[in-house]
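The primary structure of each chain is shown beneath.
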Amino acid sequence: MLDRFTAPVGTTLDRFIAQKQEQFPYATGELSQLLRDIALASKIINREINRAGLSGIEGAAGQENVQGESQQKLDVVADVRFTRALQKGGETCGIVSEECDNIIDTGNPHAKYIVAIDPLDGSSNIDVNVLVGTIFSIYRRKSPIGTPPTMQDMLQEGTEQVAAGYVLYGSSTMLVYSTGYGVNGFTYEPSLGEYFLSHPGMKIKDTGNIYSINEGGYYSFPQGVRDYIDYCKEEEYSGRYIGSLVGDFHRNMLKGGIYIYPATSKYQKGKLRLLYECNALSFLAEQAGGMATDGSRRILNIKPTELHQRTPFFVGSPKMVQKAMDFLNEEE
Ligand code: AHG
Ligand code: MN
Ligand code: MN
Ligand code: MN
């Protein structure tokens, strides 16, 4: 029997999803089932990650993905696991994944949702046992039920998301998501194989003193970004950068802070991908009272034109994001 220090603090994810569904009399359960499918796949990935050093799935897979990155074995494993869970779950007609060049047709033409996913975020950290994550967005398809998924289904503005979330495979494994009515965090209890509500109603602080950016790129950043970094140092903020977007984002959600991945000499449009990294985290940030822009525009209003398009990304406490944008505007 779990004692009071380890007893789960709240309801299970399944029960929470069911309770939320009951609040919508017209809900037919497909979105609930889709969220459960994602949670199931995350439990399988969690187990793979926790054994990575023993099961030989560390290291590079020996091929490049469409991003030009050296795919890690766990990138591929995570992509296969999530794709299979969504195919078998039957609620998703199409997927756009960081690890696949084109739209994945799940063979469920009667499903009404599409999913954009970063199966494994922060994969450069796998071999050094540092926190990694998964990021996902869920949209209603635009094309007729009963037909294959289309590019139009995939290239929707972030404001069209019906749900978004991330999984954090860290010192504990957490699933954090929103369906547009606030952000809730669940912690995984592996001995029970269940997620339990541990962070109800997550809200980000208006401001904070943590800034997350890879300062190695300082001399190639836009002048306004350099000026903002200098401001953070003058204010004696704390620099915290894990190299896993999900980890940096989650810490800033809980403590207040800003994450920036600007345009650099190597990534003229920024490194992070709009469809399966920035839109999901921007949806969550705004749901928690935060702000997310590309330095001038609200991320969620960007009309995508390509599956793997990149964008500069400024996300976190609203007063900090606004301050960074003020520095960028001064530059103009
Ligand atoms: P992914 O592992 O899904 O390709 O994402 C990596 C991203 C993000 O997680 C992280 O914040 C950023 O790349 C780190 O980039 P740098 O190593 O250039 O700082
Ligand atoms: Mn990658
Ligand atoms: Mn990523
Ligand atoms: Mn990834």
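Residues numbered from 1 in each chain as written. Chains lettered and ligands numbered in written order. Predicted model: local features only at pLDDT ≥ 70, side-chain atom pairs only at ≥ 80, totals over all residues. Heavy atoms only, no water.

Further remarks concern the overall build of the protein. In terms of regular secondary structure, the protein is built from 9 helices and 15 strands. Overall, the C-alpha framework of the protein stretches about 50 × 50 × 45 Å when taken along its three principal axes. In the protein, buried positions account for 55% of the 332 residues. By sequence separation, contacts in the protein at least 24 residues apart represent 63% of the contacts at least 6 residues apart. Accessible surface, the protein as shown: approximately 14,400 Å² in total, 49% of it carbon and sulfur. For the protein, the distance from the average position of its 32 positive side-chain charges to the average position of its 40 negative side-chain charges is 4 Å. (Helix = DSSP H or I, 4+ residues; strand = E, 2+ residues; numbered from the N terminus. Buried < 20%, exposed > 50% of the residue type's maximum accessible area, 1.4 Å probe, protein only. Contact = heavy atoms within 4.5 Å. Areas by Shrake-Rupley, 256 points an atom, 1.4 Å probe, with all protein chains shown as cover. Lys, Arg positive; Asp, Glu negative; His and termini not counted. Charge placed at Lys NZ, Arg CZ, Asp CG, Glu CD.)

Our focus in this paragraph is the packing of aromatic side chains. Following the criterion strictly, the structure yields 12 aromatic pairs and no others. With a centroid separation of 5.0 Å and 75° between ring planes, the pair formed by F16 and F186 is classed as edge-to-face. Remark: F186 occurs in strand β9 (residues 184-189) and F16 occurs in helix α1 (residues 13-22); sequence separation between them is 170 residues. Among the residues examined, F186 registers a relative accessible area of 0% and is labelled buried. Where Y231 meets F327, the ring centres are 5.5 Å apart and the plane angle is 45°; that geometry is what we call tilted. One end of the pair, Y231, is in helix α6 (residues 223-234); the other, F327, is in helix α9 (residues 318-331), with 96 residues separating them in the sequence. A relative accessible area of 18% means that Y231 is categorised as buried. (Phe/Tyr/Trp six-rings, centres within 6.5 Å; stacked < 30°, edge-to-face > 60°.)

All right, on to α6 then. With 12 residues, α6 extends 16 Å between its outermost C-alpha atoms, agreeing within 8% with the 16 Å of an ideal straight helix rising 1.5 Å per residue. Those residues of α6 lying buried are G224, V225, Y228, I229, Y231 and C232. The buried side chains of α6 occupy one side of the element, clustering within an arc of 155° when seen end-on. Elements that come into contact with the buried residues of α6 comprise β11 (210-212), β13 (258-261), β15 (313-316) and α9. Backbone geometry just after α6 places E236 at a positive phi near 55°. (Expected span 1.5 Å × (residues − 1). Arc of directions from axis to C-beta.)

As a further point, take the site of ligand 1. Taken together, 18 residues sit near ligand 1, with D121, G122, Y241, Y259 and Y261 positioned nearest. Y241 is positioned such that a nitrogen or oxygen atom in its side chain is 2.7 Å from an oxygen atom of ligand 1. Y261 is positioned with one of its side-chain polar atoms (N or O) 2.6 Å from an oxygen atom of ligand 1. Summarising the interface, the protein chains cover 87% of the accessible area of ligand 1, which totals 470 Å² for the free molecule. Elements that contribute at least two residues to the shell around ligand 1 include exactly β5 (113-121) and β13. Considering every element that reaches the shell around ligand 1, the biggest residue donor is β5, with 3 residues. Among the residues forming the shell around ligand 1, the class breakdown is 6 nonpolar, 5 polar and 7 charged. (Near = heavy atom within 4 Å. Polar contact = N/O pair within 3.5 Å; in protein donor to acceptor, adjacent residues only side chain to side chain. Nonpolar A, V, L, I, M, F, W, Y, C, P; charged D, E, K, R; others polar.)

Everything listed here is a matter of geometry and, on its own, says nothing about what the molecule does.
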